[in-house]
Structure formats: structure tokens, C-alpha cells
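Each chain is listed here by its residues.
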Amino acid sequence: MSVNITFLGGTGTVTGSKYLVQHDGKKLLVDCGLFQGFKQLRLRNWNPMPIEAADVDSVLLTHAHLDHSGYLPLLYRQGYRGHVHATPATCDLCAILLPDSGHIQEEDAAFVNRHGYTKHEPAMPLYGKHDALQSLQLLKPEREGISFSPLPGWKATFSHAGHILGAASILLEVADRRILFSGDLGRPDDLVMKAPDLPPDADTVLIESTYGNREHPKEDVLAELAPALKRVAARGGVAVVPVFAVGRAQALLHAIALLKERGEIPHGLPIFLDSPMAVHTTELLPRHPEAHRLDAKALNVLKHIATMVETPEQSKALAKHHGPMVILSASGMATGGRVLHHLAHYLPDHRNMVILTGYQAPGTRGATLASGSGVVRIHGQDVAVQAEVVQLQSSSAHADAVQLVDWLGHMKTKPDQVYVVHGEPEASDALRQRIERELKLRAVVPEHGSTWPC
């Protein structure tokens, strides 16, 4: 019996990662992510999967970001009761992210129902906090570098991928075939995360391509962030920084701490971290020292560099503070969460600033802001964009095109097939061409829903 893979997400887009591997009647899902961005992508979250959830035999997660893990509560609600194998740090993060995701969806649905911003009567959340909490019981931690058996006769091994706490590449071995899933690969020079491990040999590789058509600038995030924060502080403004609660928030806090220590931004500039999820994630770092570069002193500074905002009342009270100040708040692409309230409040004032800290998927509010639009829609209302918008080019937690090709090129034995996934069409195709040209490998960008051999 051959091994094949069906691409149920993470193709033609950077979201919704789901890869269904099938052999001899068994079905294993690698990643279980939500679609984000354009409405036509988000609507896919409401469509039933082409297979019954109860027919899936096992699930593996590369990491905890919602575009890789956020569908798990739905999978559980639809009847899946098998294991979800992930690294210990990914399990810890899912315990934070998934209930928060359910809670935010319930809050957003309640908000639009309360204010009449919906065409649906009533608007319903995709899933709720209870669904998310139920799904957590499926998580089974697996240590990096130690092989385990997700199904009888199948073997899987996690290796360090950088990117965020717990992120892993996965080598899946079945029927004498070795399939390597890169997951989201971090940068070798990341401020916080350790460099990804070099890849093991494999017959088939799925490689992400978020930055498949770009190279990161030579200047680092400190050189970009310092002048922006100095400008907004000098004019007494408020900098709203949409951040991914896992990874980006901690990296930005560390960068701000370094800039204050060097005297490059005012030492007394108030910093607020307004995201319970980001606060709890920051507290996880000391529990997983094997994954990051921060020593005990840096971790202690990180703990005290910002005022940690947890309750809704504390978040609302920030609106009464005067600038200068910096508010880091989730989500990173401004698709939901508390950052929307801050954007609605501060965008109309030219003294203020929005700092976008990473890739903004097409169709998100972050992408609208990055495009220079004078208006952004928040909670059913058009909000004027008078604030300065700055997009950092050097703060990404993803490897760029050169680093992706370099990672793939370190395989001692050339794979038979490379599938380029998790990227917008232009980025994926650019990486495909580069892989074929520079590494002389057979590379394909699969279409959504297509099935290919492994």
C-alpha cells in the first residue's frame, strides 16, 4: 500500500495548516489549524472536513500557533478522541491559546450581537472556551529527539524548529517512507529562540514558504524599533503594537529591555503588555530553557519590563492614561482580541503610532493598515487612520528564502520530492523555483484539497 498526503490547508495561504497522511486505511493528521485572513478563507473553518473527525486515527502538532492548532476544539466537538502528540512546551502553550481562542470568539460574537453589527441572528462563535478545554485532554507530550509511535507501525520524531517555544519539525516514518514536515522554521539569528536543528534525511519534505520570496533586511529589530519609539515618545503619543501573544510579544519585550538598557529609548517610557495569554506565555519561558537563548538575568528583566495587564477592567483603564506609552496587545494581525479596542481608540490621533511587528496575511486588518489605507473597519465601524503606521521588516520569527534553502540544503541525502506549503502563492512559487534551481530538487506547490504520493 502506498503512502499519500492530502493538503487540507496551508496551501495557497499561510493559514489553516492541515496535512492528512494515509496508509493502509490509517489516517494521521499533521497540524490542525484555523484559516485566517480573507473571508473566503475564514469560511473554510465552518465547512466540514472531507473526512469524519472520528475517522482520524492520530494527530501531530508542529507548534501551538492557532493557524496550526486552533481547529482542535472543533475536531474534538466533531468526535475525535485520539491522541494529539506535541512537544511539552507546545502542550503548555495550547493550554493557554486554545481556551483563549474560544473565549475571544464568544466575546466577539456577544459584542456584535449586542451592538447589532451582524447579519446573522444571532452570530455564533466557531467554538467556545468549553470546547477548547475539553480538547486539551487529548494532548500527549513527546520529547524532542525521542521517537514515538503515533500508530502501530508508524514512527515520529520531533526536532527543534526555532520560531516559538515548543515549535518542532516532524519526521514521520511509515511503510519505508520518511516524510519531513518543516513546520514553521525560525531564524538562525533570532533574538530569543535558538536556531532550528539541521534537518534529518527524508524521502519527502514539506517546507513552509511564508518568506519564500523575501530576504530579511540586514539591520536588526533593535535598529528599526528604536527610532520609531523615540519619535512617538517625543511627541507624547501612544504606540499600539499588535503582537502575537506567543513568541512575538516576548521578543518585543526583550528588544525594548535592551533598548532601555542601552539608553536608546527613554528609560521611563511606560510599557504595557495587555494580553493575558502573552503574560502567561512569558511566565512559561523559565520552564523551557532548552528552547531559548535568555539567561536568568534576561528572564528577570523580561518579567518586570512591562506592566502586565490581565483583567478587562485594567485593559479599559489604559484609555484613561496619557502618552507617551507603549501598549503591546494581541492579536498580531489585528484579527481579534483587545488590540482592536486600542486601535479604535488611538488610530484617529496623528500623535499616535501603530507598529506592525511581522507578516500580515492578506485580508487581515494588519494588512489593511500596512497598505496605507486611511480607514480600517473595527467592530462594524469605519475608523479613520490618522496615526503613523510603521511596519517592522526585521522582526519576523520565520526563516527567509535564503535560510529556508540553506536548511533544506543541509540534508545529506537528497529527497525525492519537496512540497512547498504555508505561503501565499507568489512566495511559494518563488521558493519552488529557487529550490529547483539551486538545489536541483523536484519541488511542487500543491493545490488546496489535492492528494499527492509520499
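Data block above holds the structure.
Residues numbered from 1 in each chain as written. Predicted model: local features only at pLDDT ≥ 70, side-chain atom pairs only at ≥ 80, totals over all residues. Heavy atoms only, no water.

A. Here's a closer look at the sheet that holds strand S18 (residues 388-391). Pairing is parallel in the open sheet, where six strands are placed in the order S13-S12-S14-S11-S15-S18. Looking at strand neighbours, the two that pair on one side only are strand S13 (307-309) and S18, the edges of this open sheet. If you compare each strand with its neighbour and ignore which way they point, the axes differ by 20° on average. Of the strands in this sheet, strand S12 (271-274) and strand S14 (325-329) touch helix H7 (residues 248-262), which is tilted by about 170° from S12. (Pairing = 2+ DSSP bridges. Helix = DSSP H or I, 4+ residues; strand = E, 2+ residues; numbered from the N terminus. Axes fitted to C-alpha atoms, helices over the stretch in contact; angles between N-to-C directions. Contact = heavy atoms within 4.5 Å.)

B. Quick look at the pattern of salt bridges. Throughout the structure, instances matching the rule amount to 18 salt bridges. Asp-131 is the partner of Arg-77 in a salt bridge, and the nearest nitrogen-oxygen pair spans 3.0 Å. A residue pair is termed long-range when its members are at least 10 positions apart, and Arg-77 in helix H3 (residues 72-77) and Asp-131 in helix H5 (residues 129-135) qualify at 54 residues. Look at Arg-77 and you get partly exposed, because its relative accessible area is 44%. Within this structure, Glu-215, Arg-434, Arg-437 and Glu-438 form a network of salt bridges that share partners. (Salt bridge = Lys/Arg side-chain N within 4 Å of Asp/Glu carboxyl O. Buried < 20%, exposed > 50% of the residue type's maximum accessible area, 1.4 Å probe, protein only.)

C. Region of interest: the sheet that holds strand S5 (residues 84-86). If you trace the seven strands from one edge of the open sheet to the other, you get S6-S5-S4-S3-S2-S1-S21, paired in mixed fashion. Each edge of the open sheet is held by one strand with a lone partner, namely strand S6 (139-141) and strand S21 (451-453). Neighbour to neighbour, the strand axes of the sheet diverge by 25° on average, direction disregarded. Two strands pair when backbone bridges link them, and strand S1 (residues 4-9) and strand S2 (residues 18-23) are joined in this way by five bridges, in the antiparallel orientation. The residue bridging Gly-9 from the neighbouring strand is Lys-18, located in S2. With respect to the sheet, helix H4 (residues 88-115) is in contact with S5 and S6, its orientation differing from that of S6 by roughly 150°.

D. Inspection of the packing of aromatic side chains at higher detail. Enumeration according to the criterion identifies six aromatic pairs in this entry. Aromatic pair Phe-7 and Tyr-19: ring centres 5.9 Å apart, planes at 75°, arrangement edge-to-face. You can see Phe-7 sitting in strand S1 and its partner Tyr-19 sitting in strand S2, a full 12 residues away along the chain. Per residue, the accessibility class of Phe-7 equals that of Tyr-19, and both read buried. Their ring planes at 65° and their centres at 6.1 Å tell us that Tyr-211 and Tyr-359 sit as a pair that is edge-to-face. Linking Tyr-211 in the loop between strand S10 (204-208) and helix H6 (221-234) with Tyr-359 in the loop between strand S15 (353-356) and helix H12 (365-370), this pair joins segments that are 148 residues apart in sequence. Assessed through its relative accessible area of 7%, Tyr-211 is described here as buried. By relative accessible area, which is 13% here, Tyr-359 ends up buried. An aromatic cluster is defined as three or more aromatic residues linked by ring pairs; in this entry it consists of Phe-7, Tyr-19, Phe-181, Tyr-419 and Trp-452. The positively charged end of Lys-18 is found above the aromatic ring belonging to Tyr-71, 4.6 Å away from the centroid. (Phe/Tyr/Trp six-rings, centres within 6.5 Å; stacked < 30°, edge-to-face > 60°. Lys NZ or Arg CZ within 6 Å of the ring centre and 35° of its normal.)

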